[in-house]
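Next come the chains, spelled out residue by residue.
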Amino acid sequence: MAELTYREALRDGMVEEMRRDENVFLMGEEVGAYQGAYKCSQDMLEEFGEKRVLDTPITEHGFAGLATGAAMAGLRPIVEFMTWNFGMQAMDQLINSAAKTHYMSGGLVSCPIVFRGPNGAAAGVAAQHSQDFTAWYASVPGLKVVSPSNAADAKGLIKAAIRDNAPVMVLENEILYGQTWDVPDDEDYTVEIGKANIMQEGTDVTLIAYSINSIKALEAAKELAKQGISAEVIDLRTIRPLDVDTIVSSVTKTHHAVVVEETWPTCGVAAEIMRVISDNCWDELDAPVTRVSSADVPMPYAKNLEALVLPQAEDIVQTVQKLLQC
């Protein structure tokens with residue numbers, strides 16, 4: 001085990017895969033000489049050179065398209081968006097090209113590409129830079145979507161994503177970049193795409209979350225334990241494909257479920273998970289499935305208003321209390 005920050009774990013995962021496979025390369029704005037806007041590509045230019053760590057112009061549509069074509073030709077690009085908010089500029093390449101090529105070619109052409117970068121709210125960066133697009137990408141056939149909540153999963157999922165033959169969206173969290181966890185230092189260590197993690201076992205209620213909200217769910221579970229409520233916490237890790245079996249097994253045991261997400265509530269990830277639970281666990285539920293989402297508004301700039309918009313551990317605790325009273 002090694003003690004690494006979230007950003008260091010992502011970097012190590014990319015470096016190990018680039019050493020393992022010469023077809024893997026990194027491109028994006030400021031990933032080379034500046035070593036990444038969030039320093040996730042630190043020292044990579046020095047080791048791999050300008051042909052495999054490419055600084056791009058500020059044109060997401062352009063370099064996403066270039067990388068998608070390279071993937072179709074047999075390379076394995078990693079594309080860093082400085083933020084997924086800027087990935088909106090590349091939506092045509094992401095969805096109409098990368099996601100659909102394998103299907104439209106009758107399985108003859110693969111697109112093994114990773115798109116990665118910070119997703120969701122940071123701190124005080126307002127409406128245009130705090131958007132969580134998980135539900136957008138998770139709704140698209142042909143894409144895989146992962147969102148790690150800790151450094152170990154960040155390393156394992158980025159390595160699995162690079163090795164995958166489908167386009168994989170790696171949705172990171174800016175708040176987590178500087179936080180530290182124990183991370184396996186085995187170069188063959190990966191985290192299976194499509195497999196959730198039960199972070200804490202419990203018997204009274206299932207808390208289902210991903211990314212930074214998995215940590216908030218754990219905080220809520222600790223507070224609930226003081227009140228005699230045993231919460232099981234599931235970190236989804238992968239949003240598409242969902243680990244339906246783990247979700248269903250847990251809710252069948254606890255008979256209650258709360259889904260926590262940072263996306264807007266309308267047509268969000270939680271809505272799909274609630275549908276999955278309703279379809280598979282209807283006879284097991286002792287109360288309606290509920291959710292804790294961001295408020296259905298653009299993100300305010302002011303720090304106090306931002307905290308009110310985002311899901312917090314105390315919101316999860318209060319939601320569970322009301323649910324169990326039913």
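Our subject is the structure listed above.
This report concerns the structure included in the present document. What you see is a predicted model, and the numbers here were worked out from it, not measured in a lab.

To continue, consider the nonpolar core. Soluble globular proteins tend to pack their nonpolar side chains together in the buried interior. In this structure, Leu94, Phe115 and Ile277 are the most contacted members of the largest nonpolar core, which totals 49 residues. Put simply, the parts of the chain that give this core at least two residues each are strand 2 (24-28), helix 3 (60-72), helix 4 (91-98), helix 6 (134-138), strand 7 (168-172), helix 9 (244-254), strand 13 (257-260) and helix 10 (269-281). For this core, the leading source of residues is helix 10, giving 7 residues. If sequence neighbours within four positions are ignored, Phe115 has contacts with Ala64, Thr68, Val79, Phe81, Trp84, Leu94, Ala98, Val168, Met169 and Val170. The next biggest cluster of nonpolar side chains, apart from the first, holds 34 residues, and it includes Val53, Ala151, Ala160 and Tyr177.

Turning next to the pattern of salt bridges. Scanning the entire structure with this criterion turns up 17 salt bridges. For Arg20, the salt bridge identified is with Glu17, shortest N-O distance 3.0 Å. Pair noted here: Arg20 and Glu17 are both in helix 1 (residues 6-20), with a separation of 3 residues, about one helical turn. A relative accessible area of 0% means that Glu17 is categorised as buried. Here Glu47 makes a salt bridge to Arg19, at a shortest N to O gap of 2.7 Å. With Glu47 in helix 2 (residues 44-48) and Arg19 in helix 1, this residue pair connects regions lying 28 residues apart in the sequence. Taking relative accessible area as the criterion, Glu47 reaches 41% and is therefore assigned partly exposed. Here the residues in one salt-bridge network are Glu16, Glu17, Arg20, Lys155, Lys159 and Arg163, joined through shared partners.

Moving on to a negative patch on the surface. On the surface, a cluster of negative charge is made up of Asp185, Asp186, Glu187 and Asp188. For Asp188, the location among the structural elements is in the loop between strand 8 (180-183) and strand 9 (197-200). Accessibility expressed as a relative area gives 56% for Asp188, which makes it exposed.

A few words on the sheet that holds strand 12 (residues 238-240). With mixed pairing, the 7 strands of this open sheet are ordered in space as 3-2-4-5-7-6-12. Among the strands making up the open sheet, the edge pair consists of strand 3 (53-55) and strand 12. Geometrically, the sheet is characterised by an average inter-axis angle of 20° between neighbouring strands, direction not taken into account. Where strand 2 and strand 3 come together, 3 bridges link them in parallel fashion. When the bridges of strand 3 are listed, Leu26 appears paired with Val53. Its contacts with the sheet put helix 1 on strand 2, strand 3, strand 4 (76-80), strand 5 (114-118) and strand 7, and the angle it makes with strand 2 is roughly 135°.

Our focus in this paragraph is the sheet that holds strand 14 (residues 290-292). Strand order in the open sheet formed by 5 strands is 9-11-10-13-14, and the pairing between neighbours is mixed. Of all the strands in the sheet, just strand 9 and strand 14 have a single pairing partner and so form its edges. Within the sheet, the average angular offset between the axes of one strand and its neighbour, ignoring direction, is 25°. Pairing analysis gives 3 bridges linking strand 9 to strand 11 (residues 231-235), with the strands arranged antiparallel. The residue bridging Gln200 from the neighbouring strand is Val233, located in strand 11. Strands strand 9, strand 10 (205-209), strand 11 and strand 13 of the sheet are contacted by helix 8 (residues 212-226), whose axis makes an angle of about 170° with strand 11. Strands strand 9, strand 10, strand 11 and strand 13 of the sheet are contacted by helix 9, whose axis makes an angle of about 175° with strand 11.

Excluding glycine, residues mostly have negative phi values, and the peptide bonds linking residues are mostly trans. The linkage connecting Arg240 with the following residue, Pro241, adopts the cis geometry, with an omega of 0°. Within the secondary structure, Pro241 is located in the loop between strand 12 and helix 9. Despite not being glycine, Asp43 shows a phi value in the positive range, around 70°. Within the fold, Asp43 resides in the loop between strand 2 and helix 2. With a phi close to 60°, Cys267 is a non-glycine residue in the positive phi region. Note on placement: Cys267 falls in the loop between strand 13 and helix 10. For Cys267, a relative accessible area of 70% corresponds to the exposed category.

What follows is about the packing of helix 3 against helix 4. With their axes 8 Å apart at the nearest point, helix 3 and helix 4 run at an angle of 25° to one another. Viewed along their axes, helix 3 and helix 4 adopt a mutual orientation that is roughly parallel. Residues His61, Ala64, Gly65, Thr68 and Met72 of helix 3 form the contact with helix 4, whose own contacting residues are Asp92, Gln93, Ser97 and Ala98. Each residue belonging to the contact of helix 3 with helix 4 can be placed in one class, and the counts come to 3 nonpolar, 5 polar and 1 charged.

The next point concerns the side chain of Glu80. Relative to the elements of secondary structure, Glu80 occurs in strand 4. Polar side-chain contacts of Glu80 include one of 2.6 Å to the side chain of Arg116. Apart from residues no more than four positions distant in its own chain, Glu80 is found in contact with Leu26, Met27, Gly28, Glu29, Val31, Gly36, Ala37, Cys40, Phe63 and Arg116.

Cut-offs used in this document
Residues numbered from 1 in each chain as written. Predicted model: local features only at pLDDT ≥ 70, side-chain atom pairs only at ≥ 80, totals over all residues. Heavy atoms only, no water. Core = buried A, V, L, I, M, F, W, Y, C linked by side-chain atoms within 4.5 Å. Buried < 20%, exposed > 50% of the residue type's maximum accessible area, 1.4 Å probe, protein only. Helix = DSSP H or I, 4+ residues; strand = E, 2+ residues; numbered from the N terminus. Contact = heavy atoms within 4.5 Å. Salt bridge = Lys/Arg side-chain N within 4 Å of Asp/Glu carboxyl O. Patch = residues over 30% accessible without salt bridge, like charges linked within 9 Å, V, L, I, M, F, W, Y side chains within 5 Å. Areas by Shrake-Rupley, 256 points an atom, 1.4 Å probe, with all protein chains shown as cover. Lys, Arg positive; Asp, Glu negative; His and termini not counted. Charge placed at Lys NZ, Arg CZ, Asp CG, Glu CD. Pairing = 2+ DSSP bridges. Axes fitted to C-alpha atoms, helices over the stretch in contact; angles between N-to-C directions. Parallel < 35°, antiparallel > 145°, perpendicular 65-115°, else oblique. Nonpolar A, V, L, I, M, F, W, Y, C, P; charged D, E, K, R; others polar. Polar contact = N/O pair within 3.5 Å; in protein donor to acceptor, adjacent residues only side chain to side chain.

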